[in-house]
Amino acid sequence: MSIILDHVNYIYSQGTAYEKHALQDINLKIEDGEFIGLIGHTGSGKSTLIQHLNGLMKATEGCIYYNGQDIYDSDYNLKELRSKVGLVFQYPEHQLFETSIIKDVKFGPSNLGLPALEVDLRAYEALKQVGIGEDMIDLSPFELSGGQKRRVAIAGVLAMKPEVLILDEPTAGLDPKGRDEILNLVSSLHKENKITVILVSHSMEDVANYVERLIVMDHGKIMFDNEPKKVFTHYKALEQIGLAAPQVTYVMNRLKECGQSVNTEPTTVDEA
Ligand code: ADP
C-alpha cells in the first residue's frame with residue numbers, strides 16, 4: 001500500500017466571493033504500516049486533506065496515486081478505494097442507526113456484495129478487535145456508553161477490512177478514560193494488524209505519545225513532516241501557529257525526555 005499526493009490543491013467555492021484555498025501544494029507519501037499523526041489548529045485543512053485520501057473530495061489541482069494508480073483516471077474504481085481507505089469521521093456514533101450493534105457493523109461489508117457468511121465473520125472479528133464482547137452484539141447501539149458507541153462505529157469501518165484507517169478527532173467529547181481507551185485501541189490496531197493509521201487531532205497530547213510520524217498543517221500547507229521529537233524542536237513555530245500554550249509546555253517536556261536541549265535554536269514560522 002502507498003498513497004502519493006503530488007502538488008495537490010483544493011479550493012472551496014472557487015470563483016466566488018467565498019473562495020477558500022484550503023489545501024496548498026500538498027506533497028506527501030504515505031507508506032504501508034505507518035502510524036501518522038496529522039495535527040493543526042481548527043481550519044488548517046486536516047479534514048479537507050483526509051477526504052482527498054479516499055476520493056471523497058477531488059483535488060482542484062494535482063494528482064493522487066493509490067498503489068501507483070492515478071485515482072482520478074476515468075476507469076479507476078473509487079468505490080473500492082473507499083473500502084480500502086477507511087475513514088472514521090468526527091463523532092462517528094452519530095451515524096449509528098440500526099436496531100442492534102451487529103446489524104450496524106454488518107452494514108458496510110454487506111454493501112460490498114460479499115457472501116452473508118463473510119459479512120458475519122468480518123463483523124464478529126471487527127467487534128472483537130474493538131473489544132465489544134459477543135454478549136453485547138444484539139443490544140441497541142443506543143444502550144452503550146459514549147466510548148463504546150465510538151468503538152462500534154470504528155468496528156463498522158474495520159469490517160470493510162481497510163488497508164488504511166483514518167480517524168478524524170477520535171477522542172473528541174470523551175472523558176480522559178474514554179480518550180485513553182480509544183487511543184490505546186487505535187495503537188493496538190496498528191501494532192497487531194499492521195494497518196496503516198492516520199490519526200487526526202488538534203491536540204499534541206493525543207498524538208505525540210503514539211505516532212511515529214507527525215505531519216503539522218497550517219493554513220492549508222504542510223509545515224512539518226517528521227518524527228515527533230524532530231518536530232518538537234520547532235516549538236516556537238508550533239506556538240505561533242496556535243498550538244496552545246499547554247501543548248507547547250508538553251512539547252518542551254517531551255524534548256527534555258528525548259534528551260534534547262530546550263535551548264536548541266527555535267524556528268519561527270518564517271524560518272520553518
Ligand atoms: P480542519 O479539519 O483542520 O479544521 P478544514 O479542512 O475543515 O480544517 O477546513 C480548512 C479550511 O476550509 C477552513 O478555512 C474552513 O473554514 C474551510 N472550509 C471547510 N469546509 C468548507 C466548506 N464546505 N465550504 C467553504 N469552506 C470550507
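Refer to the structure presented above.
Predicted, not measured: the structure shown is a model, and the values here were computed from it. (Residues numbered from 1 in each chain as written. Predicted model: local features only at pLDDT ≥ 70, side-chain atom pairs only at ≥ 80, totals over all residues. Heavy atoms only, no water.)

This part is about the site of the ligand. Taken together, the residues surrounding the ligand are Y12, K20, A22, H41, T42, G43, S44, G45, K46, S47 and T48. G45 has a polar backbone atom sitting 3.0 Å from an oxygen atom of the ligand. In isolation the ligand has 560 Å² of accessible area, and contact with the protein removes 62% of it. The leading source of residues in the shell around the ligand is helix 1 (residues 46-53), at three residues. Along the lines of polarity and charge, the residues of the shell around the ligand split into two nonpolar, seven polar and two charged. (Near = heavy atom within 4 Å. Polar contact = N/O pair within 3.5 Å; in protein donor to acceptor, adjacent residues only side chain to side chain. Areas by Shrake-Rupley, 256 points an atom, 1.4 Å probe, with all protein chains shown as cover. Helix = DSSP H or I, 4+ residues; strand = E, 2+ residues; numbered from the N terminus. Nonpolar A, V, L, I, M, F, W, Y, C, P; charged D, E, K, R; others polar.)

In terms of burial, helix 1 is a largely internal element, six of the eight residues being buried. For helix 1, the complete set of buried residues consists of K46, T48, L49, I50, H52 and L53. Taken from the residues just after helix 1, G55 is the one with a positive phi, measuring 75°. (Buried < 20%, exposed > 50% of the residue type's maximum accessible area, 1.4 Å probe, protein only.)

One open sheet holds the four strands; their spatial order is 2-1-4-5, and the pairing between them is antiparallel. Edge positions in the sheet fall to strand 2 (20-31) and strand 5 (69-70), since each of these pairs with one other strand and no more. By the bridge criterion, two bridges tie strand 4 (residues 61-66) to strand 5 in an arrangement that is antiparallel. If you follow Y66 over to strand 5, its bridge partner there is Q69. (Pairing = 2+ DSSP bridges.)

In this section: the sheet that holds strand 8 (residues 196-201). Pairing is mixed across the open sheet formed by six strands, whose spatial order is 6-7-8-3-9-10. Looking at which strands have only one partner, the edges of the open sheet turn out to be strand 6 (85-88) and strand 10 (221-226). Across the sheet, the axes of successive neighbouring strands diverge by a mean angle of 15°, strand direction being ignored. Bridge analysis of strand 9 (residues 213-218) against strand 10 gives five bridges, and the strand direction is antiparallel. Along strand 10, the bridge assignment pairs M217 with I222. The strands that helix 5 (residues 146-158) touches are strand 6 and strand 7 (164-168); relative to strand 6, the one it contacts most, it runs at about 165°. (Axes fitted to C-alpha atoms, helices over the stretch in contact; angles between N-to-C directions. Contact = heavy atoms within 4.5 Å.)

What follows covers the nonpolar core. One finds V105, L127, M204, L214 and V216 to be the most contacted residues of the largest nonpolar core, which totals 52 residues. If you count residues domain by domain, this core takes at least three from each of domain 1 (32-52 + 83-226) and domain 2 (228-272). Not counting residues within four places of it along the chain, the set of residues in contact with M204 comprises I39, L214, F232, L238, L243, Q247, Y250 and V251. Core analysis: the next-biggest nonpolar cluster, separate from the first, contains 30 residues, V8, I30, A59 and L81 among them. (Core = buried A, V, L, I, M, F, W, Y, C linked by side-chain atoms within 4.5 Å. Domains from an automatic or database assignment.)

Another aspect to go through is helix 4 (residues 116-129). For helix 4, spanning 14 residues, the distance from its first C-alpha to its last is 20 Å, which sits close to the expected 20 Å at 1.5 Å a residue. If you check which residues of helix 4 are buried, you get V119, R122, A123, A126 and L127. Along the long axis of helix 4, the arc covered by the buried residues comes to 125°, so they all point the same way. More than 90 degrees from the buried face of helix 4, the exposed residues found are L117, L121 and K128. Immediately downstream of helix 4, the backbone of G131 shows phi near 80°, a positive value. (Expected span 1.5 Å × (residues − 1). Arc of directions from axis to C-beta.)

What is shown is where atoms sit, not what they do.
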